[in-house]
Amino acid sequence: MRRALHTGWLAMSLVLGSTAATTSARGEVRAKPAPSEESERDRAVRDFQEGRRAHMAGRLEEAELLYLRAWSRMKSYDIATNLGQVQLLLNKPASAAKHLAFAVRTVGPEVEPERVAQMQALLAEAKAQVGTLRVRGTNVPDAEVLVDGARVSAEELRHQVYLEPGQHVLVIRRAGYEEAMIRVVAAAGSHEEITTELRPKMATGRGAANAPGTGDAKPKTLAAGARVEEERSWVPVIALGAASAVGLGVAVGFTVASNAASADLRAQRSALWHAGSDCIDALDERATACRELRRTAARVDVHANAARLAYVTSGALAVAALTYAIWPGERPARAVSLRAGPGLDAGGASIAVVGSW
């Protein structure tokens, strides 16, 4: 079928070639300029005729190149027809459909209806192999459209865009608007319509509404009675934590001392027991041992009480440090002085914490 169309269009290209030399795309007669003043149209006619000769000889790649050069110099239905036919034979249906659609839209009344019908049949063959796409912009009609990075002409946007089967990336953009990117999967014979709305970009530079530029920045003024929140100081947390560690160390020390005193007390009681005496109505020779026993018992009590106090103080300091760290609100940023130390006397034990911030 394609070879038959190829043979038929070789005859038609001769007719279209003769009209291209003397008419515009709509058949308007123009006078030829002097040979020394060759116009773009004359160059297009020469390229077209050379392409037609290559086309008739079966050199399709060469013919396509020459037709494309002619097309870049003059947009006419005859050039578009032969270019579309060659591209269809070269298995480039999307590009063929684009040029054949232009030819059908702009064909002049001087072309016989039979040949116009052949052009339409060739276009239908190309469209059956590609996907057809229409792009609608609801709010920015003059937006630029790119398919796979290639810009789509305004002529195609007014009508249809033809895509080879497969996945394509459609980009719609315009200055001052956010770019829209749409992935499209085209199939042979498919038809799809894309309707999109571009969103204006948010103004960020100088002169934007409600957005002063960098040079327009003004220092903020505080309301009456307002307080500037200072950066939280971690010095109190460190100091309280260190004091808690000291208190824990003191508690452990007193615990060890209390355990040692308890061991001494048990040894002394055992010695008196084995001697067959106790400290109630003790004989004079046992009085010294009893006094030592009472002093050891007192030492056990002092050390045990001191250990309990140190544990409580260490825990309280740890809770204070944690509370300061997690409590919301302002905190002083001045330096902190904090000291902790135990105290012992005959009547008991104590630990003192002295600080300022």
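Quick notes on the rules
- As a convention, each chain's residues are numbered from 1 in the sequence order in which they are written.
- Residues qualify for local features only when their pLDDT is at least 70, as the model is predicted, and side-chain atom pairs are given and counted only at 80 or more; totals for whole chains, interfaces and linings, by contrast, use all residues.
- Note that the side-chain values use all heavy atoms of the structure and ignore hydrogens as well as water.
- Strands here mean DSSP runs of E at least two residues long; helices mean DSSP runs of H or I at least four residues long; both are numbered from the N terminus.
- Exposure classes here rest on a 1.4 Å probe applied to the protein chains alone. A residue is buried below 20% of its type maximum, exposed above 50%, and partly exposed in between.
- Expected helix span is given by 1.5 Å per residue-to-residue step, counting one fewer step than there are residues.
- Two rings from Phe, Tyr or Trp (for Trp, the six-membered ring) form a pair when their centres are within 6.5 Å of each other. A pair whose planes differ by under 30 degrees is stacked, one over 60 is edge-to-face, and the rest are tilted.
- Every residue pair with non-hydrogen atoms within 4.5 Å of one another is taken to be in contact.
- Summary of the metric used: pLDDT quantifies the predictor's per-residue confidence within the range 0 to 100.
- The rule for pairing is simple: two strands pair if DSSP sees at least two bridges between them.

### Digging into unusual backbone geometry
Look at Asn 91: it is not a glycine, yet its phi comes out positive at around 65°. By the secondary structure assignment, Asn 91 is in the loop between α4 (77-89) and α5 (93-106). By relative accessible area, which is 55% here, Asn 91 ends up exposed. Even without being glycine, Asp 148 reaches a positive phi, approximately 55°. Within the secondary structure layout, Asp 148 lies in the loop between β2 (144-147) and β3 (150-151).

### Things to note about helix α3 (residues 60-73)
Taking 1.5 Å as the rise per residue, α3 with 14 residues should run 20 Å; its terminal C-alpha atoms sit 20 Å apart, in good agreement. Here α3 has its buried residues at Leu 60, Ala 63, Glu 64, Leu 66, Tyr 67, Ala 70 and Trp 71.

### Some points on the packing of aromatic side chains
The description of an aromatic ring pair rests on the distance of the ring centres and on the angle between the ring planes. Taken as a whole and assessed by the stated rule, the structure comprises two aromatic pairs. Both rings, one in Phe 48 and one in Tyr 67, keep their centres 5.6 Å apart while their planes meet at 40°; by these two values the pair is tilted. A residue pair is termed long-range when its members are at least 10 positions apart, and Phe 48 in helix α2 (residues 40-56) and Tyr 67 in helix α3 qualify at 19 residues. Taking relative accessible area as the criterion, Tyr 67 reaches 0% and is therefore assigned buried. On the basis of an interplanar angle of 85° and a centroid distance of 5.0 Å, the ring pair of Trp 71 and Phe 102 is categorised as edge-to-face. Taken together, the residues span a long stretch of sequence, with Trp 71 in helix α3 and Phe 102 in helix α5 at a distance of 31 residues.

### Brief notes about the environment of Gly 84
Relative to the elements of secondary structure, Gly 84 occurs in helix α4. In this structure Gly 84 comes out as buried when scored by relative accessible area, which is 0%. Put simply, Gly 84 and Ala 103 are 19 residues apart on the chain and 8.8 Å apart in space, counted from C-alpha to C-alpha. Apart from residues no more than four positions distant in its own chain, Gly 84 is found in contact with Ala 96, His 99 and Leu 100.

### Here's the deal with the confidence of the model for the protein
Of all residues in the protein, 68% attain a pLDDT of 70 or more, and the chain-wide mean is 74. In this model, residues 17-31 is a region of pLDDT below 50 whose contacts with residues beyond four sequence positions or in other chains number 31 contacts. With pLDDT under 50 throughout, residues 207-229 is counted as low confidence; its partners more than four residues away or in other chains account for 10 contacts.

### Some words on the sheet that holds β3
Read across the open sheet, the four strands follow the order β3-β2-β5-β6; overall the sheet is antiparallel. A strand with exactly one partner marks an edge of an open sheet, and here the two such strands are β3 and β6 (180-186). One ladder, built from seven bridges, connects strand β5 (residues 166-173) with β6; its direction is antiparallel. Within the sheet, the bridge partner assigned to Val 169 lies in β6 and is Arg 183.

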